[in-house]
Amino acid sequence: DDAAHELLPPPQHILLVLGGVRGLEAAVRDDAALSARAASSLFDTWLNVCAPQGSRTIRTEEALLIALTALRPKLDAHLEHR
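Residues numbered from 1 in each chain as written. Predicted model: local features only at pLDDT ≥ 70, side-chain atom pairs only at ≥ 80, totals over all residues. Heavy atoms only, no water.

**Some thoughts on the overall build of the protein chain**
Phase 1: Scanning the protein chain for helices and strands turns up 2 helices and 0 strands.
Phase 2: The buried share of the protein chain, taken over its 82 residues, is 16%.
Phase 3: Excluding contacts between residues fewer than 6 apart, the proportion of contacts in the protein chain whose partners are at least 24 apart in sequence is 57%.
Phase 4: Total accessible area computed for the protein chain in this model is approximately 6500 Å², and 55% of it derives from carbon and sulfur atoms. (Helix = DSSP H or I, 4+ residues; strand = E, 2+ residues; numbered from the N terminus. Buried < 20%, exposed > 50% of the residue type's maximum accessible area, 1.4 Å probe, protein only. Contact = heavy atoms within 4.5 Å. Areas by Shrake-Rupley, 256 points an atom, 1.4 Å probe, with all protein chains shown as cover.)

What follows is the structure in structure tokens.
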């Protein structure tokens, strides 16, 4: 889903996870230390902040800034309603 239009439930805690070159799904599936094989079973909310990207990969530092920029207005909105 496009992060700009996704509605998020009010968070109690936030864990930001960035996927690898093949995506978060492949990273979870290939990690022998995890009992889960589906990334969607590990998270309450799943948000793809780089869905319309024009390249195959985005550097981690770029992905982090994109993710924080996309999440900021959503988190601010929850804080304003407290």
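**Remarks on the layout of surface pockets**
Empty pockets left among the atoms are what a rolling probe the size of a water molecule brings to light.
Phase 1: Each pocket or cavity is described by its volume, and for the largest pocket that value is around 1200 Å³.
Phase 2: Lining the largest pocket we find 39 residues, and of these Leu16, Val17, Leu24, Leu47 and Asn48 sit closest to its centre.
Phase 3: Every element with two or more residues in the lining of the largest pocket is listed here: helix 1 (24-30) and helix 2 (60-80).
Phase 4: Considering each element in turn, the lining of the largest pocket owes the most residues, 6 residues, to helix 2. (1 Å grid on protein atoms, 1.4 Å probe; cavity = no way out; pocket = protein on both sides within 12 Å on 5 of 7 lines; lining within 4 Å. Points joined across faces, edges and corners; volume = space filled by probe spheres on them.)

**Brief notes about helix 2**
Phase 1: For helix 2, built from 21 residues, the straight-helix expectation of 30 Å at 1.5 Å per residue is met to within 8% by its first-to-last C-alpha distance of 30 Å.
Phase 2: Residues of helix 2 that are buried include every one of Ala63, Ala67, Leu71 and Lys74, and no others. (Expected span 1.5 Å × (residues − 1).)

**Re the pattern of salt bridges**
Phase 1: Taken as a whole, this structure holds 4 salt bridges when the rule is applied.
Phase 2: Put simply, arginine 29 and aspartate 30 hold a salt bridge, and the shortest N to O gap is 3.9 Å.
Phase 3: The residue glutamate 62 makes a salt bridge to arginine 59 at a minimum N-O spacing of 3.9 Å.
Phase 4: Overall, the relative accessible area of 35% leaves glutamate 62 in the partly exposed class.
Phase 5: In the salt-bridge network here, residues are joined through shared partners; they are Arg59, Glu61 and Glu62. (Salt bridge = Lys/Arg side-chain N within 4 Å of Asp/Glu carboxyl O.)

**Some points on a nonpolar patch on the surface**
Phase 1: A grouping of Leu16, Leu18, Leu64 and Leu68 is seen on the molecular surface, where their side chains present a nonpolar patch of about 300 Å² in accessible area.
Phase 2: Inspection of the secondary structure assignment puts leucine 64 in helix 2. (Patch = residues over 30% accessible without salt bridge, like charges linked within 9 Å, V, L, I, M, F, W, Y side chains within 5 Å.)

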